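Each chain, written out:
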Amino acid sequence: MTILWLVTDNKPGHRSQLQGLAQALAARTPIDTRWIDAPSGRAALWQWVGGRFPPGAGLPDPDLILVAGHRTHLAGLAARRARGGKLVALMRPSLPLAWFDLCVIPQHDAPPARANVIATRGVLNTARPSAERAADRGLFLIGGPSKHHGWDSAGLLAQLDAILTATPGMRWTLTTSRRTPAETESALLALRERGVDVRPVRDTPPGWAMEQVARSAQAWVSEDSVSMVYESLTAGAATGLLAVPRLGETRIAAGVAALQREGFVTPFVDWQRTGRLSTPPERLAEAERVAEAVLARFGA
């Protein structure tokens, strides 16, 4: 039995990464998973220096310690020093890479070629294909302005109109994000009159969007929602990109551009020309690939 400690800052995206790798490990070997809330940075520093880790008191010694998010790094180091185990950081850590037994870093963060680094397409997630996928089911995942992207509600609505007009036989569901502007959401709600099942994010439970993408043959994602692009590909859906303004050429945009070149995603302008979404050359299965590498390296 592999004892797995997941040290979390409880941010949903970070928890999803930890859970995604934990699930992939559990599919390959028996594991005993323990979630641990990361102490504050100051507390974790003193725990590391003192060789103790009170949050793990009463738990079995870990074989593997997974951390995701800057606040968890010192906590993971403290846990390893106090209780042993191999320390795995998901995403590029804020501390020297050599301090970790393994670093799992997205390609868009330009990971160095090191023995203790695995480069991934995007961050890990919990998405998996579903046996309930239907060929006539589609999903729109709408984000909002971010530090990498601006916003154009009229342009977005025009794209949605073109897709709906061209796919009369599809059953469409649409959801928003916490970044979606109120005026955009109001306009999207009007799509209910065209048969779209519009579910604002505030009306959906945790994990709902992931379940929907796993059941959908097609998913159109506004390109600012990079994590959802990778989740859609991991779920095995044919994935289209809804164009939104870019605020310069960033590492995030470069990562999405690489997916376009490799045929994983179809930009809206390409769909306009061909009328179809490209079939990805393979389903992304990065959590599974990393899990196999972890078990091969550490024999857990």
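To start, this report covers the structure provided alongside it. All of these numbers come straight from a predicted model, not from anything done at the bench.

1. Things to note about the pattern of salt bridges
Here comes step 1: Enumeration according to the criterion identifies 16 salt bridges in this entry.
Here comes step 2: Note that Arg171 is salt-bridged to Asp136, the shortest N-O span being 2.9 Å. Of this pair, Arg171 sits in strand S8 (residues 171-175) while Asp136 sits in strand S7 (residues 134-141), and the two are 35 residues apart along the sequence.
Here comes step 3: A residue is classified by how much of its surface remains accessible, and Asp136, at 30% relative accessible area, is partly exposed.

2. Details of the pairing of S7
Here comes step 1: Bridging between S7 and strand S10 (residues 216-222) involves five bridges; their strand directions are parallel. By the bridge assignment for S10, Leu139 is matched with Ala219.
Here comes step 2: Of the strand pairs in this sheet, S7 and S8 are connected by five bridges, and their pairing is parallel. When the sheet's bridge partners are listed, Phe140 is paired in S8 with Leu174.
Here comes step 3: On the question of chirality, the crossover connecting S7 to the parallel S8 by way of helix H4 (residues 153-166) is right-handed.

3. As for unusual backbone geometry
Here comes step 1: Here the phi dihedral of Met91 falls at roughly 80°; this positive angle occurs in a residue that is not glycine.
Here comes step 2: The residue Met91 is located in the loop between strand S4 (86-90) and strand S5 (102-106) in this model.
Here comes step 3: If you check the backbone angles, Ala110 has positive phi at about 50° while not being a glycine.
Here comes step 4: Following the sequence through the fold, Ala110 ends up in the loop between S5 and strand S6 (117-120).
Here comes step 5: For Ala110, a relative accessible area of 56% translates into the label exposed.

4. Notes on the sheet that holds S6
Two pairing modes exist for strands in a sheet, parallel and antiparallel, and in both the strands are linked by backbone hydrogen bonds.
Here comes step 1: Overall, parallel pairing links the six strands, which are arranged S2-S1-S3-S4-S5-S6 in an open sheet. The sheet terminates laterally at strand S2 (31-37) and S6, the two strands that pair on one side only. Each strand axis lies, on average, 20° off the axis of its neighbour in the sheet, ignoring direction.
Here comes step 2: Sheet topology places strand S1 (residues 2-8) next to strand S3 (residues 64-68); four bridges connect them, and they run parallel. Each residue of the ladder has a partner; that of Leu4, found in S3, is Leu64.
Here comes step 3: On the sheet, helix H1 (residues 12-26) packs against S1, S2, S3 and S4 and is oriented at approximately 170° with respect to S1.
Here comes step 4: Strands in contact with helix H10 (residues 286-298) are S3, S4, S5 and S6; relative to S6, the strand with the most contacts, it is inclined by about 170°.

5. So, the environment of Pro112
Here comes step 1: In this structure, Pro112 sits in the loop between S5 and S6.
Here comes step 2: Classification of Pro112 by relative accessible area gives partly exposed; the value is 29%.
Here comes step 3: Between the C-alpha atom of Pro112 and that of Leu6, which follows or precedes it by 106 residues, the distance is 25 Å.
Here comes step 4: Contacts of Pro112, omitting those with residues within four sequence positions, involve Arg92, Leu97 and Val117.

6. With respect to the packing of aromatic side chains
Here comes step 1: Counted by the stated rule, this structure contains six aromatic pairs.
Here comes step 2: Between Trp48 and Trp99, the ring centres sit 5.4 Å apart and the planes meet at 55°, which makes this aromatic pair tilted. Residue Trp48 is located in helix H2 (residues 41-50), and its partner Trp99 is located in the loop between S4 and S5; the two are separated by 51 residues in the primary sequence.
Here comes step 3: Grouped by ring-pair contacts, the aromatic residues Trp220, Phe268 and Trp271 constitute a single cluster.
Here comes step 4: Its guanidinium or amino end placed over the ring of Trp35, Arg15 lies 4.0 Å from that ring's centre, counting from NZ or CZ.

Thresholds applied
Residues numbered from 1 in each chain as written. Predicted model: local features only at pLDDT ≥ 70, side-chain atom pairs only at ≥ 80, totals over all residues. Heavy atoms only, no water. Salt bridge = Lys/Arg side-chain N within 4 Å of Asp/Glu carboxyl O. Helix = DSSP H or I, 4+ residues; strand = E, 2+ residues; numbered from the N terminus. Buried < 20%, exposed > 50% of the residue type's maximum accessible area, 1.4 Å probe, protein only. Pairing = 2+ DSSP bridges. Right-handed = clockwise from strand over helix to strand, strands pointing away. Axes fitted to C-alpha atoms, helices over the stretch in contact; angles between N-to-C directions. Contact = heavy atoms within 4.5 Å. Phe/Tyr/Trp six-rings, centres within 6.5 Å; stacked < 30°, edge-to-face > 60°. Lys NZ or Arg CZ within 6 Å of the ring centre and 35° of its normal.

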